[in-house]
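Structural features, examined
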Amino acid sequence: MEIGRCGGREVWSWGAGTHGQLACGTLVDALSPQRVEALCHAAPIVDMACGGAHVVVVFDSGGVATWGRGQAGVLGHGDETTTTVPRLVSSLHGIRITRAAAGWNHSAFLTDKGELYTCGDGAFGQLGHGNTESCLLPCRVEHLSSVCINMVACGMRHTLAMSITEGSPDASIVYAFGFNKRGQLGISTNSTSNGGNNKWRVLFPQKVDSLDMHGVTSVYANGDHSAALTGRGKLFLWGRGYNDSPDSPKPRLADMGLKLCQVSLGWRHGLALTENKEVFAWGNNGCGQLGVSQASPTSGTRTQESAANQHMKEQDEEQADETRQAQEQVLGVDFQKVETQGVGAVWISAGSEHSAAVLENGKVIVWGWAEHGQLGLGSLEDQDVPHIVSLATNKVASICEVNTRVYCGSGYTFVLL
Amino acid sequence: MSYDDVEIEDMEWNEELQAFTYPCPCGDLFQITKADLKIGEEIARCPSCSLYITVVYNPEDFQDSAPSQTLTSSKGAPAVKVS
């Protein structure tokens with residue numbers, strides 16, 4: 001089936017490509033950005049999601065295309081074939097998809113009516129169909145048929161879905177399903193226990209009760225991590241602990257004292273964008289994915305919150321705010337400011353072990369792990385501070401400033417111009 | 001340095017590869033065979049990159065002489081480290 005043509009955006013990809021995830025018809029890594037010709041003349045893209053080794057794009061027509069490793073039916077084409085170029089998901093024809101999410105090996109699609117469809121690997125219950133079967137075609141999550149889902153996020157083996165009640169934004173509900181061994185669902189699994197490793201598998205969507213009435217407006221997941229952002233820009237984190245800290249099975253407020261407008265999670269780190277267009281990072285910095293050079297002093301780059309925390313600890317460890325201590329100790333979260341070349345950032349994306357952001361001037365900056373060329377800098381060397389990616393585009397700069405988006409997967413990167 | 005410590009029960013048996021696997025952040029899979037486990041190997045490598053993980057398991061579970069038993073979490077039982 002041909003992907004509709006009407007022109008508009010340019011698509012670029014680079015990094016790990018041995019499963020066809022770069023959409024260029026090849027099965028090799030690319031160390032530098034290459035233009036994805038199959039999508040450059042396609043219909044305008046409104047959403048994109050990069051998983052373990054597969055990618056989903058949503059067109060403004062409501063159509064969906066997928067490519068990459070087809071294991072367990074993650075591409076939704078009815079088989080397990082790997083495809084190296086975008087292929088329309090024909091079974092969703094006639095259903096208007098508006099958003100998508102991609103986990104390690106499962107995919108989720110949201111319709112304009114708030115219906116949730118999933119496909120791919122279901123071994124951990126991450127498809128929400130009440131079993132551990134895989135689905136070769138997108139199947140509706142019937143358990144959520146009575147609610148309107150507004151956002152979905154996929155981690156390695158789990159899924160989060162959020163429903164906002166129209167007219168009462170504070171009454172949003174977050175649902176979680178899939179693997180819960182690291183607390184990534186934000187719920188207690190005692191009630192669903194049925195022995196062995198199965199006890200960690202939640203097969204039907206469950207409400208994350210502790211997030212009720214916090215006014216959650218976005219949910220995020222990757223690896224064994226989960227996050228939610230409220231309408232007031234407050235961040236909740238749960239799941240696997242950062243920097244070898246204990247896991248947190250309950251969402252915890254990670255208050256930086258700043259209003260956040262976007263979050264993106266990696267496998268061991270996270271990124272947050274503030275309303276002041278600053279980027280903050282936390283978690284493991286083993287590959288430079290925090291963008292904060294280890295050689296430079298970090299004391300000046302931390303948030304006031306962290307500084308205040310440090311001050312409190314020095315003053316009186318015992319009397320320090322318990323919540324703040326818990327947040328630091330349980331999750332190992334220590335927000336550090338990423339220097340974004342003196343230019344404000346408007347979009348962020350965390351890959352498994354690398355990071356990227358779009359600046360106000362339309363430039364894309366990257367940092368972190370580079371072993372598969374996922375930084376697009378032509379080299380395999382990790383970078384511990386942001387570098388600008390050079391894209392040989394003919395696009396007018398003013399258009400790039402408005403539209404550019406970057407999406408990072410597991411060892412690869414896509415840019416929409 | 002080991003990328004992560006992963007319990008054998010969290011790895012998946014891959015019939016095609018004839019190995020226990022776990023997702024690697026590069027998109028490929030960390031892999032370790034039953035034969036590896038039998039000789040006490042605890043490193044699962046990714047064929048596509050330099051990363052590897054440490055597999056936490058009880059070697060006795062993979063000995064021929066041992067009675068067959070289900071793989072259990074190392075929690076409760078000491079994780080055996082074999083160098």
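Residues numbered from 1 in each chain as written. Chains lettered and ligands numbered in written order. Predicted model: local features only at pLDDT ≥ 70, side-chain atom pairs only at ≥ 80, totals over all residues. Heavy atoms only, no water.

**Let's talk about the overall build of chain B**
Formally: The numbering of helices and of strands both runs from the N terminus, where a helix is a DSSP run of H or I of at least 4 residues and a strand a run of E of at least 2. Residue exposure (1.4 Å probe, protein chains only): buried if accessible area is under 20% of the type maximum, exposed if over 50%, otherwise partly exposed. Should any heavy atoms of two residues lie within 4.5 Å, those residues are counted as being in contact. Residue exposure ignores everything except the shown protein chains as possible cover, and the areas themselves are Shrake-Rupley values with a 1.4 Å probe.
Check the secondary structure of chain B and you find one helix and six strands. Ordered by position from the N terminus, the helices and strands of chain B form the series β-β-β-β-α-β-β. The proportion of buried residues among the 83 residues of chain B is 47%. Nonlocal contacts in chain B, meaning residues at least 24 apart in sequence, comprise 35% of its contacts between residues at least 6 apart. Accessible surface computed for chain B: about 4,500 Å², of which carbon and sulfur atoms make up 51%.

**Comments concerning the pairing of strand 8 (residues 106-111) of chain A**
Residue and element names in this part refer to chain A. Quick reminder of the rule: Note: two strands are recorded as paired if DSSP finds a minimum of 2 bridges between them.
In terms of burial, strand 8 is a largely internal element, six of the six residues being buried. Burial of the side chains of strand 8 extends over both faces: His 106, Ala 108 and Leu 110 are buried on one face and Ser 107, Phe 109 and Thr 111 on the other. By the bridge criterion, five bridges tie strand 7 (residues 97-102) to strand 8 in an arrangement that is antiparallel. Pairing of Ala 102 across the sheet is with Ser 107, part of strand 8. Between the antiparallel neighbours strand 7 and strand 8 lie three residues. Pairing of strand 8 with strand 9 (residues 116-120) involves five bridges; the strand directions are antiparallel. Paired with Leu 110 across the strands is Leu 116, a residue of strand 9.

**Side note on the UniProt feature "domain: DPH-type MB" (unreviewed entry) in chain B**
Using the following cut-off: UniProt positions are given in the numbering used here, feature names are shortened, and annotations may be inferred rather than shown by experiment.
As recorded in UniProt, the feature "domain: DPH-type MB" (unreviewed entry) lies at residues 2-58 of chain B. Measuring from the first to the last C-alpha atom of residues 2-58 of chain B gives 19 Å, for a span that is 9% helix and 40% strand.

**Describing the sheet that holds strand 14 (residues 201-207) of chain A**
Each strand in a sheet pairs with another by means of backbone hydrogen bonds, the pair being arranged parallel or else antiparallel. All names here are of chain A. What counts, and what does not: Interaxial angle, 0 to 180 degrees, is taken between N-to-C directions of lines fitted to C-alpha atoms, where a helix line uses only the stretch in contact.
With antiparallel pairing, four strands are arranged side by side in an open sheet as 11-12-13-14. Every other strand in the sheet has two partners, leaving strand 11 (151-154) and strand 14 as the edge strands with one partner each. Neighbour-to-neighbour, the strand axes of the sheet open up by a mean angle of 10°, direction not taken into account. Pairing geometry for strand 12 (residues 158-163) and strand 13 (residues 173-179), over six bridges, is antiparallel. From the neighbouring strand, Thr 159 faces strand 13, where its bridge partner is Phe 177.

**Points about the side chain of A:Thr404**
All names here are of chain A. Take Thr 404: it is sitting in the loop between helix 4 (397-403) and strand 27 (405-408). You can call Thr 404 buried: its relative accessible area is 0%. When neighbours within four sequence positions are excluded, Thr 404 is seen to be in contact with Arg 9, Val 358, Gly 362, Val 364, Val 415, Leu 416 and Leu 417.

**Some thoughts on the packing of aromatic side chains**
Quick note on the threshold: Put simply, two rings from Phe, Tyr or Trp (the six-membered ring, in Trp's case) pair if the centres are within 6.5 Å, and we call them stacked under 30 degrees between planes, edge-to-face over 60, tilted for the rest. Only when the NZ atom of a Lys or the CZ atom of an Arg is both within 6 Å of the ring centre and within 35 degrees of the ring normal do we say a charge sits over the ring.
Throughout the structure, instances matching the rule amount to 11 aromatic pairs over all chains. Taking 6.1 Å as the distance between ring centres and 80° as the angle between the ring planes, the aromatic pair formed by A:Tyr242 and A:Trp282 counts as edge-to-face. Of this pair, A:Tyr242 sits in the loop between strand 17 (235-239) and strand 18 (248-253) while A:Trp282 sits in strand 21 (residues 279-283); the two residues are 40 residues apart in sequence, bridging distant segments of the chain. With relative accessibility at 0%, the residue A:Trp282 sits in the buried group. For the ring pair A:Trp347 and A:Tyr407, a centre distance of 5.7 Å and an interplane angle of 65° mean the geometry is edge-to-face. Of the two residues, A:Trp347 is situated in strand 23 (residues 345-350) and A:Tyr407 in strand 27; the sequence distance between them amounts to 60 residues. A network of ring pairs unites the aromatic residues B:Trp13, B:Phe20, B:Tyr57 and B:Phe62 as a single cluster. Looking at B:Lys34, its charged tip hangs above the ring of B:Trp13, at a distance of 4.3 Å from the centre.

**Describing unusual backbone geometry**
For residues that are not glycine, phi is negative in most cases, and the peptide bond is trans in most cases. Residue and element names in this part refer to chain A. With phi around 55°, Asn 243 is a residue other than glycine that occupies positive phi space. Mapped onto the fold, Asn 243 is located in the loop between strand 17 and strand 18. For Asn 243, a relative accessible area of 43% translates into the label partly exposed. At Gln 341, a position not held by glycine, the phi torsion is positive, near 60°.

**A word on the sheet that holds strand 22 (residues 336-338) of chain A**
All names here are of chain A. Reading across from one edge, 19-20-21-22 is the order of the four strands in this open sheet, with antiparallel pairing throughout. Edge strands, defined here as strands with exactly one partner in the open sheet, are strand 19 (260-265) and strand 22. Averaged over all adjacent pairs, the angle separating strand axes in this sheet is 30°, with direction ignored. Summarising the sheet, strand 21 and strand 22 pair through three bridges and their orientation is antiparallel. Residue Ala 281 lies in a different strand from strand 22, and its bridge partner there is Gln 336.

**Observations regarding the pairing of strand 4 (residues 29-32) of chain B**
Residues and elements named next belong to chain B. Pairing analysis gives four bridges linking strand 3 (residues 19-23) to strand 4, with the strands arranged antiparallel. Residue Pro 23 lies in a different strand from strand 4, and its bridge partner there is Leu 29. Between strand 3 and the antiparallel strand that follows it, strand 4, lie five residues; Gly 27 among them carries a positive phi value of about 105°.

**Things to note about the interface of chain A and chain B**
The extent of an interface is frequently quoted as the accessible surface area lost upon association of the parts. Let me state the cut-off plainly: Note: buried area is the sum, over both parts, of the accessible area (probe 1.4 Å) each one loses when the two are combined. Here, a salt bridge means any side-chain nitrogen of Lys or Arg that lies within 4 Å of a carboxyl oxygen of Asp or Glu. Side-chain atoms alone can form a polar contact between residues adjacent in sequence; in general such a contact is a pair of N or O atoms within 3.5 Å, and within protein one must be able to donate a hydrogen while the other accepts it. When residues are grouped by polarity, Ala, Val, Leu, Ile, Met, Phe, Trp, Tyr, Cys and Pro land in nonpolar, Asp, Glu, Lys and Arg in charged, and all others, Gly among them, in polar.
Between chain A and chain B, the residue contacts involve 26 residues of the former and 19 residues of the latter. Between chain A and chain B lies a buried interface of about 1,700 Å² when both sides are counted; carbon and sulfur atoms form 44% of it. For the chain A face of the interface with chain B, the top three residues by lost area are A:Trp104, A:Arg157 and A:Lys181, together amounting to 27%. Our count for the chain A to chain B interface comes out at five salt bridges. Measuring nitrogen to oxygen at the nearest pair gives 2.4 Å for the salt bridge that ties B:Glu9 to A:Lys181. One can count 10 residue pairs in polar contact (both at pLDDT 80 or more) joining chain A with chain B. Within the side of chain A that touches chain B, the residues separate by chemical class into nine nonpolar, eight polar and nine charged.

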